[in-house]
Amino acid sequence: MANSTLGNSITNTTGSVRFLCPKCNEQEIVRSRNERETVAKYTCVKCGFIGPN
Ligand SMILES: [Zn+2]
């Protein structure tokens, strides 16, 4: 819970979160609860950033 400064917000969908790409800060990334629990990787389609963080 250390990255609230990035503007994380809880969506209406239970357990899912969405946030802006930490690298380019432009592309919104949405992660479901399951994806977070399995630490699934995500890729920013805008800048190519890959990561769980
Ligand atoms: Zn990006």
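Residues numbered from 1 in each chain as written. Predicted model: local features only at pLDDT ≥ 70, side-chain atom pairs only at ≥ 80, totals over all residues. Heavy atoms only, no water.

A.B. asks: For the packing of aromatic side chains, give the residues involved together with the corresponding values.
C.D. replies: As enumerated under the stated definition, the model contains two aromatic pairs in all. On the basis of an interplanar angle of 70° and a centroid distance of 5.7 Å, the ring pair of Phe19 and Tyr42 is categorised as edge-to-face. Here Phe19 is found in strand S2 (residues 17–20), whereas its partner Tyr42 is found in strand S4 (residues 42–43), with 23 residues between them in sequence. Between the aromatic rings of Tyr42 and Phe49, the centroid separation amounts to 6.2 Å while the plane-to-plane angle is 45°, which identifies the pairing as tilted. Taking relative accessible area as the criterion, Tyr42 reaches 7% and is therefore assigned buried. A connected cluster of aromatic rings, assembled from ring pairs, spans Phe19, Tyr42 and Phe49. (Phe/Tyr/Trp six-rings, centres within 6.5 Å; stacked < 30°, edge-to-face > 60°. Helix = DSSP H or I, 4+ residues; strand = E, 2+ residues; numbered from the N terminus. Buried < 20%, exposed > 50% of the residue type's maximum accessible area, 1.4 Å probe, protein only.)

A.B. asks: How would you summarise the coordination of the zinc ion if you had to cite specific residues and measurements?
C.D. replies: Around the zinc ion, the protein supplies Cys21 (SG), Cys24 (SG), Cys44 (SG) and Cys47 (SG) as donor atoms, at distances of 2.3 Å. Every donor counted, the four donor atoms about the zinc ion form angles of 106 to 116° at the centre, which fits tetrahedral coordination. Residue Cys44 is classed as buried on the basis of its relative accessible area of 1%. For Cys47, a relative accessible area of 30% translates into the label partly exposed. (Donors = N, O, S within 2.8 Å, 3.2 Å for Na, K, Ca; no water. Tetrahedral: all angles 85-135°; square planar, octahedral: opposite > 155°, others 65-115°.)

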